[in-house]
Amino acid sequence: MKLKKQSENRRYIISASRRTDIPAFFSEWFVNRLKAGYCHVKNPFNPNQVSQVSLLPEDVAAFVFWTRNPAPFGQALSLLDAMNYKYGFLITVTGYPEELEPHTPEIDEINKTIADLADKIGKDKIVWRYDPILF
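Residues numbered from 1 in each chain as written. Predicted model: local features only at pLDDT ≥ 70, side-chain atom pairs only at ≥ 80, totals over all residues. Heavy atoms only, no water.

Q: Residues and numbers for a nonpolar patch on the surface, please.
A: Residues W128, Y130, I133 and F135 make up a contiguous nonpolar surface patch of roughly 610 Å² in combined accessible area. Relative to the helices and strands, Y130 is located in the segment after β7 (126–129). We classify Y130 as partly exposed; its relative accessible area is 41%. (Patch = residues over 30% accessible without salt bridge, like charges linked within 9 Å, V, L, I, M, F, W, Y side chains within 5 Å. Areas by Shrake-Rupley, 256 points an atom, 1.4 Å probe, with all protein chains shown as cover. Salt bridge = Lys/Arg side-chain N within 4 Å of Asp/Glu carboxyl O. Helix = DSSP H or I, 4+ residues; strand = E, 2+ residues; numbered from the N terminus. Buried < 20%, exposed > 50% of the residue type's maximum accessible area, 1.4 Å probe, protein only.)

As structure tokens, then:
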């Protein structure tokens, strides 16, 4: 395994959870990575190439979290705020039945979660989208 480090003297916008829903399923892992100050990321096209990405506040311009359920992310939000990180959410809302989305909350629950999150962090940090459309 080849470990590649990111360039020095740069700040990065980290598009977190685009490959997997970190807020919904890996909140504890994310908190541990923030405390450690780094994470390792495999190249999806070359799994032998692994990058070490700094998560130190001085290296991160902002996090963008992609999720269908931000509710389990409370502890991580508290830590992000305490460490003065900038962040935002892209939340996918579909309202599909459990047979199509077995790990996604009911539409009323996710709508309440988004409203609560907007009250807590500000509506300017949230973008929601409806995707995909099924026929």
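Q: Explain the nonpolar core residue by residue, including any values.
A: Residues F30, F63, F65, F73, L80 and F89 are the most contacted members of the largest nonpolar core, which totals 27 residues. Those elements that place two or more of their residues in this core are β2 (12–16), α2 (27–36), β5 (60–67), α3 (74–82), β6 (87–92) and α4 (107–121). Once you skip the residues sitting within four places of it in the chain, F30 turns out to touch I22, F63, F65, F73, A76 and L80. (Core = buried A, V, L, I, M, F, W, Y, C linked by side-chain atoms within 4.5 Å. Contact = heavy atoms within 4.5 Å.)

Q: Can you explain α3? Please cite residues and give values.
A: Given 3.6 residues per turn, any residue in an α-helix points the same way as the ones three and four places further on. Among the residues of α3, those classed as buried are A76, L77, L79 and L80. Looking straight down α3, one finds that the buried residues subtend no more than 165° of arc, so they occupy a single side. Away from its buried face, by an angle of more than 90 degrees, α3 presents the exposed residues Q75 and A82. On its buried face, α3 is in contact with α2, β5, β6 and α4. Looking at the residues trailing α3, positive phi occurs at N84, about 60°. (Arc of directions from axis to C-beta.)

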